Amino acid sequence: MVDLDLSMGADQVQVASEFQQLEIREGELHLRFFVTPTQEVALPAIIVREVISAPLDRITPIPNISSLLLGTINLRGRVIWVADLSQILGESTALNTERPEIPVIAVEEQEILLGLAVDRIVGMEWLSAEKVQQPTQVANSMAPFVRGEWILDEDTHQRLRLLDHKAIISSELWAA
């Protein structure tokens, strides 16, 4: 806790107050984003290496590969696969690529770097690990990739699902 000294100036009090706000953050930092226009999910920020808005012409399509993969992209000198996360999660419609740029989340686990193409990025948020519950009403195709969920609004039953990045990266779907 930061003690406020009464002899501090207004600017110093504001800075001390900002530090105080930083200290009371609870939970872990997560990246919130939409996989489809209506389905919002989250990933732990610790595994996110970079979030980019990639022009479609920067993603190089590769012939004769899984339909999950949009192609490859050069990320700071390293070529990585870019996958349509909605298809990995079992959505019937592919990501809309008829737009100037596609949000790509570069995630890393045990030195495997993968780009996940998504509908749109919401931002970073502190979410409490203690409030994560067992997921409910999850489609069978999506269930292996969901670790839990937060209930954001009891009245509307709005839920935010926490994805299991390890399950996504090690999925057998890549071999298809």
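Asks: Help me get a handle on the sheet that holds strand β5 (residues 78-84), residues and values and all.
Replies: Pairing within the open sheet is mixed, and its five strands lie in the order β3-β6-β7-β5-β4. In this open sheet, the two strands that pair with only one neighbour each are β3 (48-55) and β4 (69-75). Sheet twist, expressed as the mean angle between neighbouring strand axes with direction ignored, is 30 degrees. By the bridge criterion, seven bridges tie β3 to strand β6 (residues 101-109) in an arrangement that is antiparallel. Across the sheet, the residue bridging to Val48 is Val107, located in β6.

Asks: An account of the pairing of β5 is needed here, citing residue identities and associated values.
Replies: Summarising the sheet, β4 and β5 pair through six bridges and their orientation is antiparallel. Of the residues in β5, the one forming a bridge with Thr72 is Trp81. Between β4 and the antiparallel strand that follows it, β5, lie two residues; Arg76 among them carries a positive phi value of about 55 degrees. The pairing of β5 with strand β7 (residues 112-117) spans three bridges and is classified as parallel. Residue pairing for β7: Ala83 is matched across the bridge by Leu116.

Asks: Describe the nonpolar core, listing the residues and the values that go with them.
Replies: Counting residues in each nonpolar core, the largest one holds 26 residues, and the members touching the most others are Phe33, Leu85, Ile88, Val107, Leu116 and Leu163. Of all elements in the fold, only β1 (28-34), β2 (40-44), α2 (85-88), β6, β7 and α3 (165-169) reach the threshold of two or more residues within this core. The biggest single contributor to this core is α3, with three residues. Grouped together as the second largest cluster of nonpolar side chains are 13 residues, Ile102, Val104, Leu113 and Ala117 included.

Asks: Give a detailed account of the pattern of salt bridges, specifying residues and quantitative values.
Replies: Summed over the entire model, instances satisfying the criterion amount to nine salt bridges. The shortest N-O distance in the salt bridge between Glu40 and Arg32 comes to 2.7 Å. As far as the burial class goes, Glu40 and Arg32 line up, both buried. Ionic pairing is found between Arg161 and Glu149, a salt bridge with its closest N-O pair at 3.4 Å. Of this pair, Arg161 sits in strand β10 (residues 158-163) while Glu149 sits in strand β9 (residues 146-153), and the two are 12 residues apart along the sequence. Comparing Arg161 with Glu149, the two get one shared label, buried.

Asks: Talk me through the sheet that holds β2; I want residue IDs and the actual numbers.
Replies: In space, the five strands of this open sheet follow the order β8-β1-β2-β10-β9, with mixed pairing throughout. Where the open sheet ends on each side, the last strands, each with one partner, are β8 (120-127) and β9. Between one strand and the next, the sheet's axes are offset by a mean angle of 30 degrees, whatever the strand orientation. By the bridge criterion, seven bridges tie β1 to β8 in an arrangement that is antiparallel. Opposite Glu28, over in β8, you have Leu127 as the bridge partner.

Asks: Mind laying out the packing of aromatic side chains, listing which residues take part and the relevant values?
Replies: A complete count under the given rule lists zero aromatic pairs for this structure. Above the face of the Phe34 ring, Arg120 is positioned so that its terminal group lies 3.8 Å from the ring centre.

Reading the values: the criteria
- Residues numbered from 1 in each chain as written.
- Predicted model: local features only at pLDDT ≥ 70, side-chain atom pairs only at ≥ 80, totals over all residues.
- Heavy atoms only, no water.
- Pairing = 2+ DSSP bridges.
- Helix = DSSP H or I, 4+ residues; strand = E, 2+ residues; numbered from the N terminus.
- Axes fitted to C-alpha atoms, helices over the stretch in contact; angles between N-to-C directions.
- Core = buried A, V, L, I, M, F, W, Y, C linked by side-chain atoms within 4.5 Å.
- Buried < 20%, exposed > 50% of the residue type's maximum accessible area, 1.4 Å probe, protein only.
- Salt bridge = Lys/Arg side-chain N within 4 Å of Asp/Glu carboxyl O.
- Phe/Tyr/Trp six-rings, centres within 6.5 Å; stacked < 30°, edge-to-face > 60°.
- Lys NZ or Arg CZ within 6 Å of the ring centre and 35° of its normal.

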